[in-house]
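Each chain, written out:
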Amino acid sequence: MAQSAAPATGAPAGTPISAKALAPWAVFVGILALVLLYFVGAEQGATALISGEGVHEWVHDGRHLLGFPCH
């Protein structure tokens, strides 16, 4: 009665994640963080990728929260 009908799959509990398996996720999160930092910190003025004030207005409070001057 102690047997399970479902086979055990995956790594046993407590097994560390290898750096090889973690690297693609770390790169993805790093790129995502840089894109977010660009839009919050620099998306206005001469370096703007998107014209208008839309992005500036969406990230305005976040810009102040992180200490970026914008006006």
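If you're wondering where the values come from, they're calculated on a predicted model, not measured in any experiment. (Residues numbered from 1 in each chain as written. Predicted model: local features only at pLDDT ≥ 70, side-chain atom pairs only at ≥ 80, totals over all residues. Heavy atoms only, no water.)

A count of helices and strands for the chain gives three helices and zero strands. Listing the helices and strands of the chain from first to last along the sequence gives α-α-α. Counting all 71 residues of the chain, 11% fall into the buried class. Here the contacts in the chain between residues at least 6 apart in sequence split such that 22% fall between residues at least 24 apart. For the chain, the computed accessible surface area is about 6200 Å², with 71% contributed by carbon and sulfur atoms. (Helix = DSSP H or I, 4+ residues; strand = E, 2+ residues; numbered from the N terminus. Buried < 20%, exposed > 50% of the residue type's maximum accessible area, 1.4 Å probe, protein only. Contact = heavy atoms within 4.5 Å. Areas by Shrake-Rupley, 256 points an atom, 1.4 Å probe, with all protein chains shown as cover.)

When we look at a pair of aromatic rings, we describe it by the centre distance and by the angle of the planes. Tallied over the full model, the rule gives one aromatic pair. Each ring, one from Trp25 and one from Phe28, has its centre 6.4 Å from the other, and the planes form 90°; the classification is edge-to-face. One end of the pair, Trp25, and the other, Phe28, are both in helix α1 (residues 19-41), three residues apart, so they sit about a helical turn from each other. For Phe28, a relative accessible area of 47% puts it in the partly exposed group. (Phe/Tyr/Trp six-rings, centres within 6.5 Å; stacked < 30°, edge-to-face > 60°.)

Just geometry here; none of it tells us what the structure is for.
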